[in-house]
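Residues per chain, in single letters:
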Amino acid sequence: MLMQTAARQLTECPLFHHMQADEIIHSLEDSGAHIQQYERDSFVFHQEDEPKYVLVLLSGMVVVGRTSPEGRRSVMATFTEAGELFGEVYAFLGHGFDCFATAQKKSEILEIPISYFREVTHVDELKSRMIYNLMCVFASKAYYLNQRIQSVTGATLRQKLAKAISLPTFQNADGLFAMKREDLADFVNAARPSVSRELNNMQEDGLISIEKNGIRIADPEAFFELLP
């Protein structure tokens, strides 16, 4: 019953792209996956633990962070949406985690043994699809990081924002830049108040138009002069 409920949640998960609920259930059973519950403030994994699973959030909230040699903790990412994968890259790096993950509230996590993806002597159609989907997840994250690197190399915050806003990846069907403000601040590695202030300045200068569903480039010629 738990797997059936999870399968309905996972139809939108990128790991199960183009898979029906019954196919997801079959794949989870074949892989030996299980659902683990974590209480608030409990560790999903510790720094230096050996990776054993590909992890998928089903409910709750998980924070991934790092502890410095001096004992200071910093947050790297927060996961709140059902179907989000985290820690999956470490399953294939050949070393332990260099970060930790904790449940910020009671959470359910699908844990798929990494041996399922490493063992390729017998690969049926569904397993092949999952392996391909996992490769797409890796590619998507690598592409995202590449775009982020391009944005943070701007000399000023305005240049960083212009680089981010010009990326077609984050445009919606109306051609608006649709990234949430807090995500944009993280993307350009700046404080959210600073980002909001600079966006307002860019609107006052006629470069952009801040609309209900996103940001539109108002003066393309002047806007793209900001880009190197």
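Above this text you will find the structure in question.
Keep in mind that what you see is a predicted model, and the values were worked out from it rather than measured.

### Focus: the side chain of Asn133
Part 1 of the argument: Position of Asn133 relative to the elements: it lies in helix α4 (residues 125-152).
Part 2 of the argument: With relative accessibility at 4%, the residue Asn133 sits in the buried group.
Part 3 of the argument: A distance of 3.1 Å separates the side chain of Asn133 from the backbone oxygen of His17, its partner in a polar contact.
Part 4 of the argument: Asn133 has contacts with Pro14, Leu15, Phe16, His17 and Met19, leaving out every residue within four places of it along the chain.

### So, the nonpolar core
Part 1 of the argument: Core analysis: the biggest nonpolar cluster contains 26 residues, and Leu10, Leu15, Phe16, Leu28, Leu110 and Ile112 have the highest contact counts within it.
Part 2 of the argument: Membership of the second largest hydrophobic core comes to 20 residues, among which are Leu184, Val195, Leu207 and Ile215.

### Brief notes about the environment of Phe97
Part 1 of the argument: Examined against the element boundaries, Phe97 turns out to sit in the loop between β5 (85-86) and β6 (100-113).
Part 2 of the argument: Residues Phe97 and Arg66, 31 residues apart in the sequence, show an inter-C-alpha distance of 9.7 Å.
Part 3 of the argument: In contact with Phe97, not counting residues within four places along its chain, are Phe45, His46, Gln47, Glu48, Asp49, Glu50, Pro51, Gly87 and Tyr90.

### Let's talk about the packing of aromatic side chains
Part 1 of the argument: Under the defined criterion, the tally for this structure stands at eleven aromatic pairs.
Part 2 of the argument: Centroid distance Phe43 to Phe100: 6.0 Å. Interplanar angle 70°. Geometry classified as edge-to-face. Taken as a pair, Phe43 in strand β2 (residues 43-45) and Phe100 in strand β6 lie far apart in primary sequence, 57 residues in all.
Part 3 of the argument: What makes Phe43 partly exposed here is its relative accessible area of 29%.
Part 4 of the argument: Ring geometry for Tyr90 against Phe97: centres 5.1 Å apart, planes inclined by 50°, an arrangement best described as tilted. For the pair Tyr90 and Phe97, one class covers both residues: buried.
Part 5 of the argument: By the ring-pair criterion, three or more aromatic residues cluster together here, those being Tyr144, Phe170, Phe177 and Phe187.
Part 6 of the argument: Here the guanidinium or amino end of Arg73 rests over the ring plane of Phe100, the centre of that ring lying 4.6 Å away.

### Section: the pairing of strand β4 (residues 73-79)
Part 1 of the argument: Pairing of strand β3 (residues 53-67) with β4, which is carried by six bridges, proceeds in the antiparallel orientation. Note that in β4 the partner of Thr67 across the bridge is Arg73.

### Focus on α4
Part 1 of the argument: Here α4 is 28 residues long and its end C-alpha atoms lie 41 Å apart, about the 40 Å a rise of 1.5 Å per residue gives.
Part 2 of the argument: Within α4, burial applies to Leu126, Lys127, Arg129, Met130, Asn133, Leu134, Val137, Gln147 and Ser151.
Part 3 of the argument: Where the residues of α4 are buried, they touch α2 (21-31), β5, β6, α3 (115-118), α5 (157-165) and α6 (181-187).
Part 4 of the argument: Backbone nitrogen of Leu126 and a side-chain oxygen of the N-cap are separated by 3.3 Å at the start of α4; the cap is Asp124.

### Let's talk about α5
Part 1 of the argument: The buried fraction of α5 amounts to seven of the nine residues, a majority that puts the element mostly inside the structure.
Part 2 of the argument: Turning to α5, its buried residues are Arg158, Lys160, Leu161, Ala162, Lys163, Ala164 and Ile165.

### Topic: the environment of Phe187
Part 1 of the argument: Within the fold, Phe187 resides in helix α6.
Part 2 of the argument: Along the chain, Phe187 and Glu84 lie 103 residues apart, while their C-alpha atoms are 18 Å from each other.
Part 3 of the argument: Setting aside chain neighbours within four positions, we find Phe187 in contact with Tyr144, Gln147, Arg148, Ser151, Val152, Ala164, Leu167, Phe170 and Met179.

Conventions adopted
Every residue gets a number counted from 1 within its own chain, in the order that chain's sequence is written. For a predicted model such as this one, the threshold for reporting local features is a pLDDT of at least 70, and the threshold for listing and counting side-chain atom pairs is 80 or more; totals across whole chains, interfaces and linings nevertheless cover every residue. Hydrogens and water molecules were not included; the side-chain quantities draw on all heavy atoms of the structure. Going along the chain from the N terminus, every DSSP run of H or I of four or more residues is numbered as a helix, and every run of E of two or more is numbered as a strand. Only protein chains enter the accessibility calculation, which uses a 1.4 Å probe; a residue is then buried when its area is under 20% of its type maximum, exposed when over 50%, and partly exposed in between. Any pair of N or O atoms that falls within 3.5 Å is considered a polar contact. Within protein, one atom must be able to donate a hydrogen and the other to accept it, and sequence-neighbouring residues count only if both atoms are side-chain atoms. Residue contacts are counted whenever heavy atoms from the two residues lie within 4.5 Å of one another. Here, the term nonpolar core denotes a set of buried Ala, Val, Leu, Ile, Met, Phe, Trp, Tyr and Cys residues that are joined through side-chain atoms within 4.5 Å. We call Phe, Tyr and Trp rings a pair once their centres come within 6.5 Å, taking the six-membered ring for Trp, and we label the pair stacked below 30 degrees between planes, edge-to-face above 60, and tilted otherwise. Either the NZ atom of lysine or the CZ atom of arginine qualifies as a charge over a ring when it sits within 6 Å of the ring centre and within 35 degrees of the ring normal. A strand pair is defined by DSSP finding two or more bridges across the two strands. By this rule, a helix spans an expected 1.5 Å times one less than how many residues it contains.

From the geometry alone we can't say anything about function, so treat these as descriptive.
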